[in-house]
Amino acid sequence: ADVELRRVLARLEANGTQVALSESFRAKVVEEGYDPTYGARPLRRAIARLMEDPLAEFLLAGVGADMEADGDEGDRDFGE
């Protein structure tokens, strides 16, 4: 999961956006991105659904360039 998350974070940083990921958010991505049948294949879709899609909405809405992602209590909380 860390390899895929680093790829996304590197793309964001290249565009001037800094995102900090909490351990609970990383754990949520791993939990939702692993399937006993398919292994880690669904990981990319989980990252897109939990991180990239909500981040795109915030960026399009003009929210600041530095954000934190937290997965506590099942939330996808992106905020400055």
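Look a little higher up for the structure.
Residues numbered from 1 in each chain as written. Predicted model: local features only at pLDDT ≥ 70, side-chain atom pairs only at ≥ 80, totals over all residues. Heavy atoms only, no water.

Visitor: Any details on helix α1 (residues 2–14)? Residues and values, ideally.
Guide: The α-helix advances 3.6 residues per turn, and as a result positions three or four apart in sequence lie on the same side. Taking 1.5 Å of rise per residue, the 13 residues of α1 would be expected to cover 18 Å, and the 18 Å separating its terminal C-alpha atoms lies within 8% of that figure. All of the buried residues along α1 are Leu5, Val8, Leu9 and Leu12. For α1, the angular spread of the buried residues around the axis is 95°, confining them to a single face. In this structure, α1 carries Arg6 and Ala14 as exposed residues pointing more than 90 degrees from its buried face. Following α1 by one or two positions, glycine 16 has its phi on the positive side, about 85°. (Helix = DSSP H or I, 4+ residues; strand = E, 2+ residues; numbered from the N terminus. Expected span 1.5 Å × (residues − 1). Buried < 20%, exposed > 50% of the residue type's maximum accessible area, 1.4 Å probe, protein only. Arc of directions from axis to C-beta.)

Visitor: Please provide a residue-by-residue account of the side chain of serine 22, values included.
Guide: Note on placement: serine 22 falls in the loop between β1 (18–21) and α2 (23–33). Take serine 22: its relative accessible area is 17%, and that puts it in the buried class. There is a polar contact of 3.1 Å between the side chain of serine 22 and the backbone nitrogen of phenylalanine 25. (Polar contact = N/O pair within 3.5 Å; in protein donor to acceptor, adjacent residues only side chain to side chain.)

Visitor: Go over the environment of glycine 33, please, and point to the residues and values.
Guide: Inspection of the secondary structure puts glycine 33 in helix α2. Each C-alpha atom of the pair glycine 33 and alanine 46 lies 5.1 Å from the other, and the pair is 13 residues apart in sequence. Contact partners of glycine 33, with chain neighbours within four places excluded, come to Gly39, Ala40, Pro42, Leu43 and Ala46. (Contact = heavy atoms within 4.5 Å.)

Visitor: Break down α2 for me, with residues and values.
Guide: Where α2 is concerned, the buried positions are Phe25, Lys28, Val29 and Gly33. Within α2, the buried residues cover an arc of 115° as seen down the axis, which keeps them to one side. The exposed set on the far side of α2, more than 90 degrees from its buried face, consists of Glu23 and Glu31.

Visitor: I'd like a description of the nonpolar core, backed by residues and values.
Guide: A general feature of soluble globular proteins is that nonpolar side chains tend to end up buried together. Leu12, Val19, Leu21, Phe25, Ile47 and Met51 are the most contacted members of the largest nonpolar core, which totals 14 residues. Elements supplying a minimum of two residues to this core: α1, β1, α2 and α3 (43–60). Broken down by element, the residue count for this core peaks at five residues, all from α3. Apart from residues no more than four positions distant in its own chain, leucine 12 is found in contact with Thr17, Val19, Met51, Leu55 and Leu59. (Core = buried A, V, L, I, M, F, W, Y, C linked by side-chain atoms within 4.5 Å.)

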